[in-house]
Amino acid sequence: MDVETATLPIEGVLELRRTLRPLHGRFGPDGWWLSARTPDGTGTLRLRRAAQDLIGDAWGEGAGWLLDRMSAIAGLHDDPGSFETDHPVVSPLHRSHPGWRFGRTELVFDSLVPTICAQKVTGMEAKRAMQGLYRRFSDPAPGPNESLRLPPDPAQIADAPYYRFHELHLEKRRADLLRRVSGDAERIDRLAQTSPRSAADYLERIPGISAWTSATTLAISHGDPDQVPVGDFHIKHIVVHHLTGRDRGTDDEMLELLEPFRPHRGRVVRLLHTLGHEPKFGPRMPARNITGM
C-alpha cells in the first residue's frame, strides 16, 4: 500500500510522548501509531520526531485527512505558554513541563468508545472491554503495521445483540450505551466542528453520558485544556490533596479550587496528576468478571 509523508517544523518546546499518550494510539520502536475511521475513509498515521521536525507517514483512504491534522494531533496548535500562574504548587509544575500540550484528534466517536468502556470500572476492566471490542468489531488497519487494528466499527456495534457484549466483559448498561451512540456515530463525529461547550451539551443529552464522559472525550477530540472530568473516583481527591493538603475532597471543592485557572483547568489537573495519587484508605475497587455474571 502506498504511503503519504509530510514533515513539519516543531516551533517551541514539545514533549511529544507525554502529549500523545492520552490519545488512544500506540507507541512502537518506530514511532507512534494511530488508526482511525476518518470522514474520507479508514487510515493509519505514524508520527516520528527527527530533531526539530515532526514526520508523519500515513496509509489508506484517510491518509490525507490524517496528515492535514498531524500538527493538531501532536499538540502544535496548543500553546502552554498562554497559561500563566504564580500558584506555589502549579507554577513550578508548569515551568517544568513547558512542552506538555493537548493534542486534538477531531475523532469524537473514536474517543468516546474507550471512555464509555472506562465508566465506573477499574482500568483493567476497561482494557478488557476494549480488547473485546477490537476482537469482535474491528478490522486490520491499513499500512505496514500488521498488529494494528481499526477502532471498532460503529455499524457493527449498533447491530449487535446484547449477549455479544456480555462475552466481551461489558454489562448491559455500557453495552446499551455503546449501541446507542454507535447508531448516532456520524452526528457525533460532526461535533468536532463545534465548540467544546456545544459538543458537551449534545453528548450529555444522551442518556448514560455524564460530565465525566464528555470531558474525558473532548479533552482528546477537541484538545481542550479546560475540560475537567467531574465524577472521577480519584481526580477530585488528587486536586484537593495537592492544592490544600487535605486527604479527601468533593467535586464541588475541586471545581472551586480550579476556577481561578480557567480556561486551563484540565491542564492543571494533568500537572497535579504528576505529583501522584492522594493518600489511600481501604482497599481498591475490586475488578469484576462480567462474563461470569
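Everything that follows concerns the structure shown earlier in this document.
The rules behind each value
- Residues numbered from 1 in each chain as written.
- Predicted model: local features only at pLDDT ≥ 70, side-chain atom pairs only at ≥ 80, totals over all residues.
- Heavy atoms only, no water.
- Helix = DSSP H or I, 4+ residues; strand = E, 2+ residues; numbered from the N terminus.
- Polar contact = N/O pair within 3.5 Å; in protein donor to acceptor, adjacent residues only side chain to side chain.
- Contact = heavy atoms within 4.5 Å.
- Core = buried A, V, L, I, M, F, W, Y, C linked by side-chain atoms within 4.5 Å.
- Buried < 20%, exposed > 50% of the residue type's maximum accessible area, 1.4 Å probe, protein only.
- Salt bridge = Lys/Arg side-chain N within 4 Å of Asp/Glu carboxyl O.
- Phe/Tyr/Trp six-rings, centres within 6.5 Å; stacked < 30°, edge-to-face > 60°.
- Pairing = 2+ DSSP bridges.
- Axes fitted to C-alpha atoms, helices over the stretch in contact; angles between N-to-C directions.

What about the side chain of Asp-224?
For step 1, the next point in the chain: You can see Asp-224 is positioned in the loop between α12 (211–221) and α13 (235–244).
For step 2, the next point in the chain: From its side chain, Asp-224 meets the backbone nitrogen of Asp-226 in a polar contact 3.1 Å long.
For step 3, the next point in the chain: Residues within four places of Asp-224 in sequence aside, it is in contact with Phe-102, Pro-196, Leu-218 and Ala-219.

A look at the nonpolar core
For step 1, the next point in the chain: With 30 residues, the main nonpolar core has Leu-133, Phe-165, Leu-178, Val-181, Ile-188, Leu-203 and Ile-206 as its most contacted residues.
For step 2, the next point in the chain: Where this core is concerned, the elements lending two or more residues are α5 (108–117), α6 (123–137), α9 (172–182), α10 (185–190) and α11 (196–203).
For step 3, the next point in the chain: Excluding anything up to four places from it in sequence, Ile-206 contacts Leu-177, Arg-180, Val-181 and Ile-188.

As for the pattern of salt bridges
For step 1, the next point in the chain: Applying the stated criterion across every chain, the model contains 18 salt bridges.
For step 2, the next point in the chain: For Asp-57, the salt bridge is made with Arg-46, and the minimal N-O distance between the two is 2.8 Å. In this pair, Asp-57 is assigned in strand β5 (residues 53–60) and Arg-46 in strand β4 (residues 41–50), connecting sequence segments 11 residues apart. Across the pair, exposure class does not vary: Asp-57 and Arg-46 are buried alike.
For step 3, the next point in the chain: Asp-226 serves as the salt-bridge partner of Arg-262, at 3.7 Å between the closest nitrogen and oxygen.

Notes on helix α15 (residues 265–273)
For step 1, the next point in the chain: Among the nine residues of α15, eight are classified as buried, and the element is accordingly described as predominantly covered.
For step 2, the next point in the chain: Every buried residue of α15 is listed here: Arg-265, Gly-266, Arg-267, Val-268, Val-269, Arg-270, Leu-271 and Leu-272.
For step 3, the next point in the chain: For α15, the secondary structure elements touched by its buried residues are α4 (90–96), α12, α13 and α14 (251–258).

Digging into the packing of aromatic side chains
For step 1, the next point in the chain: Taken as a whole and judged by the stated rule, the model has three aromatic pairs.
For step 2, the next point in the chain: Taking the centre distance of 6.2 Å and the plane angle of 75° together, the rings of Phe-83 and Phe-261 count as edge-to-face. With Phe-83 in the loop between α3 (70–73) and α4 and Phe-261 in the loop between α14 and α15, the pair connects residues that are 178 residues apart, well separated along the chain.
For step 3, the next point in the chain: Look at Phe-137 and Phe-165: their rings are 5.4 Å apart centre to centre, the planes differ by 35°, and that puts the pair in the tilted class. A residue pair is termed long-range when its members are at least 10 positions apart, and Phe-137 in helix α6 and Phe-165 in helix α8 (residues 162–166) qualify at 28 residues.

Observations regarding the sheet that holds strand β2 (residues 26–28)
For step 1, the next point in the chain: On the basis of which strands lie adjacent, the open sheet formed by five strands has the order β1-β5-β4-β3-β2 and antiparallel pairing. The outermost strands of the open sheet, each flanked by one partner alone, are β1 (4–9) and β2. This sheet shows a mean twist of 25° between the axes of neighbouring strands, independent of strand direction.
For step 2, the next point in the chain: Here eight bridges tie β4 to β5, and the two strands are oriented antiparallel to one another. Note that in β5 the partner of Ala-50 across the bridge is Asp-53.

Just geometry here; none of it tells us what the structure is for.
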